[in-house]
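Topology and contacts: notes
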Amino acid sequence: MRKLFIPAFALTALLFAYSPLAIANAPYESTMLLVQKIFYYHFATWMALTVAVTVCFVSSGIYLFKGSAWADRMGFAAAEVTVIFGMFGLVSGSLWGRKAWGVWWQWDARLTMAFLLELIFIGYLLVRKYGGPGSEKLAAAMGIFGGATAPFVYKSVDWWRTIHPKTSVMTSLGETSPGMWYVALLCTAIFLLMSGLLLALRMRLETLRAGLDRLYLAAED
Amino acid sequence: MLRRLLTAVLSLLLIAVPVLAQQPPTSPDGFVPVDTLPPSEQLAAGPFLVGAYVFFLLLMMFYLWTIWQRLGKVESEMRELERRALKGQGR
């Protein structure tokens, strides 16, 4: 795993450095023009968040039902990565919305549900930090709850009338604008790599913390 | 009578002039193209785009810095514990 980290980090850094160039060369969307280019990182960040949420959901389930300490650590790491990507997703969406819709925020179904998802995972982290002994199980339950909320966030634009574009925009982008589709895929791949690297780093921190706890216990004995 | 009527019409005209002068120009379909708006009514996209990308960079750098700080703290605590354990064995 450690051997893979450095090459993966170098590849991600290279692709990330190249991404602004690809975005600048991507075709302009006819109605929103320049501000639409926020889309490439905005969409990619929500994809990375989806992976982190899924990892947290699965890990939390394994921890709750099997008691695996490794899964607990992975769930914690994934929840933190989720909050980071969620924060960028909400801020970038707000910046885009200010220009495209004329408002910083709109309490419509998609935006409100995405905000609630972010709050659930912030809650997860607060429970882990201040919940005291046994907070791992409560946090794991929140991880499952947050994971179960994610599909509703995704489908909210199709089920309810919202100001946000529908999911069909992305599914048809390959046919309507291959130039945009290629850049969206590239940015998504970069953000997925980033998500994996951040998870690996956070897991290392949690593994070291677990080792430190064992050392403290051994020192007390 | 005629004088009163003329005064009333003149008064109405005098009131109507400023009211009509303040009416916004009407558009045939209720919408105007964004590029025809005065500059004060238009928002430049550049700051929003740059703002989003700079925010992402800063967020990632800050997050990596916090992980690095926490890793350093845990590793130094581990070293301290190991040093104390070795000292204890030496006694």
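Structure shown above.
Report follows, based on the coordinates. (Residues numbered from 1 in each chain as written. Chains lettered and ligands numbered in written order. Predicted model: local features only at pLDDT ≥ 70, side-chain atom pairs only at ≥ 80, totals over all residues. Heavy atoms only, no water.)

1. A short note on the overall build of chain A
For clarity, the cut-off: Helical segments are the DSSP runs of H or I of at least four residues, strand segments are the runs of E of at least two, and each set is numbered from the N terminus. Each residue gets one of three labels from its accessible area relative to the maximum for its type: buried under 20%, exposed over 50%, partly exposed in between, using a 1.4 Å probe on protein chains only. A contact between two residues is defined here by any heavy atoms of the two lying within 4.5 Å. Computed with a 1.4 Å probe, the accessible areas rest on the Shrake-Rupley method; for each residue, only the protein chains presented here act as cover. Counted charges follow a simple rule, with Lys and Arg positive, Asp and Glu negative, and His plus the chain ends left uncounted. For this purpose, a charge sits on NZ of Lys, CZ of Arg, CG of Asp or CD of Glu.
Scanning chain A for helices and strands turns up eight helices and zero strands. Helices and strands appear in chain A in the N-to-C order α-α-α-α-α-α-α-α. In chain A, which comprises 221 residues, the share counted as buried stands at 48%. In chain A, 74% of the contacts between residues at least 6 apart in sequence involve partners at least 24 apart. Surface accessibility of chain A: about 11,300 Å² in total, with carbon and sulfur atoms responsible for 71%. With 18 positive and 12 negative side-chain charges, chain A shows a separation of 4 Å between the mean positions of the two kinds.

2. Things to note about the packing of helix α3 (residues 69-100) of chain A against helix α4 (residues 109-130) of chain A
Residue and element names in this part refer to chain A. Threshold: As a rule, the C-alpha atoms of each element are fitted with a line to give its axis, helices using only the stretch in contact, and angles between N-to-C directions run from 0 to 180 degrees. Angle categories: roughly parallel below 35 degrees, roughly antiparallel above 145, roughly perpendicular from 65 to 115, and oblique for all the rest. Take the far helix as your reference; a near helix turned counterclockwise from it by less than a right angle gives a left-handed crossing, and one turned clockwise gives a right-handed crossing.
Direction vectors running N to C along α3 and α4 enclose 140°, while the axes themselves pass 9 Å from each other. Comparing their axes, α4 and α3 come out oblique. When you trace α3 past α4, the crossing you get is left-handed. Residues Asp 72, Gly 75, Phe 76, Ala 79, Glu 80, Thr 82, Val 83, Gly 86, Met 87 and Leu 90 of α3 touch α4, and the partners they reach there are Ala 114, Phe 115, Glu 118, Phe 121, Ile 122, Tyr 124, Leu 125 and Arg 128.

3. Focus on helix α5 (residues 135-159) of chain A
All names here are of chain A. Here is the rule we go by: Each residue after the first adds 1.5 Å to the expected span of a helix.
Between its first and last C-alpha, α5 extends 35 Å over 25 residues, near the 36 Å set by a 1.5 Å rise per residue. Among the residues of α5, Ser 135, Ala 139, Ala 140, Gly 143, Gly 146, Gly 147, Thr 149, Ala 150, Val 153, Ser 156 and Val 157 are the ones counted as buried. Against α2 (39-66) and α4 lie the buried residues of α5.

4. A word on the pattern of salt bridges
Residue and element names in this part refer to chain A. How we decide: Salt bridges are identified by distance alone: a Lys or Arg side-chain nitrogen within 4 Å of an Asp or Glu carboxyl oxygen.
Applying the stated criterion across every chain yields a total of nine salt bridges over all chains. For Asp 158, the salt bridge goes to Lys 155, with nearest N and O atoms at 3.1 Å. Taken as a pair, Asp 158 and Lys 155 lie in helix α5 at a separation of three residues, close to a single helical turn. A residue is classified by how much of its surface remains accessible, and Asp 158, at 28% relative accessible area, is partly exposed. Owing to a relative accessible area of 30%, Lys 155 belongs among the partly exposed residues under this scheme.

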